[in-house]
Amino acid sequence: MEITPIAHIRTDFPEKFGIPRQSNLVESCRGTIEFEPEFAQPECVRGIEGYDYLWLVWRFDHGQKNTWSPTVRPPILGGNKRVGVFATRSPFRPNPLGLSSVRLESVEMTTHGPVLHVLGADLRDGTEIYDIKPYIPADIHTDIRGGITENPWACLTVDLPQQFREQLGEEATDILVKILELDPRPATHHDPNREYAMGFRTVDVRFTVNDEEGILQVVEIAPRG
């Protein structure tokens, strides 16, 4: 079976580092889905506005390894414990396919075809989308076990100086703070003297983390490049 991208998504994340680890962890993260010419037809999305959420089937970053292993070391477990690849959402899979649920905010009809505006995206800017399916009530399950994801996500206190808040603006500040609260660092990194950098929209955000106090300190925000 051969599959081809039907669309690409535009997001605030120019690189892998810093992207929320699951969709909808930061619902204000916006994405714009732009269809390839063959699929950029209003008929292809007719009725889609009747759904609140969509499933996106997408390709993991091209920079991922081309090999896979029966077991992987999930970052959520600190990278020290191996579990089966099919018991995780690791990108190192036999087929590099990801699955995300996003909220459909609106459908825009442009001269180049329909554009879907979504919320809660956890995809790198430019990611290839292979399929889009409605998220329906039958997809909702209650009283479920979450396996290794039952541990709560890290929640840091973000110290973002006022000068950077003014530089970003209110909307971007709100989104960035929610992303940083989740601690974008690899789970094995706990060096208080290390400075990290992540891309966000058109800027690079540099920060340090004091794990003892649970504080993430933003030290610089500068234009990318």
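The notes below deal with the structure included here. This is a predicted model, so every value here is computed, not measured.

1. Regarding the overall build of the protein
Reasoning step 1: Across its full length, the protein holds 2 helices and 12 strands.
Reasoning step 2: Each helix and strand of the protein, placed in order from N terminus to C terminus, yields the pattern β-β-β-β-β-β-β-β-β-α-α-β-β-β.
Reasoning step 3: Here the C-alpha radius of gyration of the protein, 19 Å, is about what a compact globule of 225 residues would show, namely 17 Å.
Reasoning step 4: With respect to the principal axes defined by its C-alpha atoms, the protein has extents near 55 × 45 × 35 Å.
Reasoning step 5: For the protein, the proportion of its 225 residues judged to be buried stands at 38%.

2. Some details on the packing of aromatic side chains
Reasoning step 1: By the definition in use, this model includes 6 aromatic pairs.
Reasoning step 2: Measuring from ring centre to ring centre gives 5.9 Å for Tyr53 and Tyr135, while their planes differ by 55°; the resulting arrangement is tilted. On the criterion of sequence distance, the pair formed by Tyr53 in strand S3 (residues 53–59) and Tyr135 in strand S8 (residues 128–135) is long-range, its members being 82 residues apart.
Reasoning step 3: Of the residues examined, Tyr53 reaches a relative accessible area of 24% and is grouped as partly exposed.
Reasoning step 4: Residue Tyr135 is classed as partly exposed on the basis of its relative accessible area of 22%.
Reasoning step 5: An aromatic cluster is present here, built from Phe17, Tyr196 and Phe207 joined pairwise through their rings.

3. Concerning the sheet that holds strand S10 (residues 196–200)
Reasoning step 1: Strand order across the open sheet formed by 4 strands is S9-S12-S11-S10, with mixed pairing between neighbours. Edge strands, defined here as strands with exactly one partner in the open sheet, are strand S9 (157–159) and S10. On average, each strand axis in the sheet is tilted by 35° relative to the strand beside it, whichever way the strands run.
Reasoning step 2: Note that S10 and strand S11 (residues 203–210) share 5 bridges and pair antiparallel. Considered in S11, the bridge of Ala197 is made with Arg206.
Reasoning step 3: The strands touched by helix H2 (residues 170–181) within the sheet are S9, S10, S11 and strand S12 (215–223), with S10 carrying the most contacts at an inclination of about 135°.

4. Points about empty space enclosed by the protein
Reasoning step 1: Evaluation of the coordinates by the stated rule reveals 1 cavity of 30 Å³ or more.
Reasoning step 2: Here the largest cavity is characterised by a volume of approximately 50 Å³.
Reasoning step 3: As for the largest cavity, its lining consists of Gly18, Ile19, Pro20, Arg21, Leu25, Ile179, Leu182 and Pro184.
Reasoning step 4: Residue composition of the lining of the largest cavity, by class: 6 nonpolar, 1 polar and 1 charged.

5. Description of the nonpolar core
Most often, soluble globular proteins have nonpolar side chains that are buried together.
Reasoning step 1: Counting residues in each nonpolar core, the largest one holds 26 residues, and the members touching the most others are Phe200, Val218 and Ile221.
Reasoning step 2: For this core, the leading source of residues is H2, giving 6 residues.
Reasoning step 3: Residue contacts for Ile221: discarding those within four places in its chain leaves Leu160, Phe164, Gln167, Leu168, Leu176, Val203, Asp204 and Val205.
Reasoning step 4: In terms of nonpolar packing, the next biggest core, distinct from the first, is built from 20 residues, Ala7, Ile9, Phe35 and Val45 among them.

6. Regarding the environment of Ile19
Reasoning step 1: Mapped onto the elements of the fold, Ile19 is located in the loop between strand S1 (7–10) and strand S2 (30–35).
Reasoning step 2: Spatially, the C-alpha atoms of Ile19 and Arg124 are 7.2 Å apart, while their sequence positions differ by 105 residues.
Reasoning step 3: Those residues in contact with Ile19, other than ones at most four positions away along the chain, are Phe13, Asp122, Leu123 and Arg124.

7. Observations regarding a nonpolar patch on the surface
Reasoning step 1: On the surface, a nonpolar cluster with roughly 380 Å² of combined accessible area is contributed by Met1, Ile3 and Leu97.
Reasoning step 2: Within the secondary structure, Leu97 sits in strand S6 (residues 97–110).
Reasoning step 3: The class of Leu97 is partly exposed, set by a relative accessible area of 35%.

8. Let's talk about the sheet that holds S1
Reasoning step 1: With antiparallel pairing, the 6 strands of this closed barrel are ordered in space as S1-S2-S7-S6-S3-S8. With strand direction ignored, the average angle separating the axes of adjacent strands in the sheet is 45°.
Reasoning step 2: Relative to strand S7 (residues 113–119), S6 runs antiparallel, the two sharing 7 bridges. The partner of Ser106 across the bridge, within S7, is His117.

Definitions and cut-offs
- Residues numbered from 1 in each chain as written.
- Predicted model: local features only at pLDDT ≥ 70, side-chain atom pairs only at ≥ 80, totals over all residues.
- Heavy atoms only, no water.
- Helix = DSSP H or I, 4+ residues; strand = E, 2+ residues; numbered from the N terminus.
- Rg over C-alpha atoms; globule rule 2.2 N^0.38 Å.
- Buried < 20%, exposed > 50% of the residue type's maximum accessible area, 1.4 Å probe, protein only.
- Phe/Tyr/Trp six-rings, centres within 6.5 Å; stacked < 30°, edge-to-face > 60°.
- Pairing = 2+ DSSP bridges.
- Axes fitted to C-alpha atoms, helices over the stretch in contact; angles between N-to-C directions.
- Contact = heavy atoms within 4.5 Å.
- 1 Å grid on protein atoms, 1.4 Å probe; cavity = no way out; pocket = protein on both sides within 12 Å on 5 of 7 lines; lining within 4 Å.
- Points joined across faces, edges and corners; volume = space filled by probe spheres on them.
- Nonpolar A, V, L, I, M, F, W, Y, C, P; charged D, E, K, R; others polar.
- Core = buried A, V, L, I, M, F, W, Y, C linked by side-chain atoms within 4.5 Å.
- Patch = residues over 30% accessible without salt bridge, like charges linked within 9 Å, V, L, I, M, F, W, Y side chains within 5 Å.
- Areas by Shrake-Rupley, 256 points an atom, 1.4 Å probe, with all protein chains shown as cover.
- Salt bridge = Lys/Arg side-chain N within 4 Å of Asp/Glu carboxyl O.

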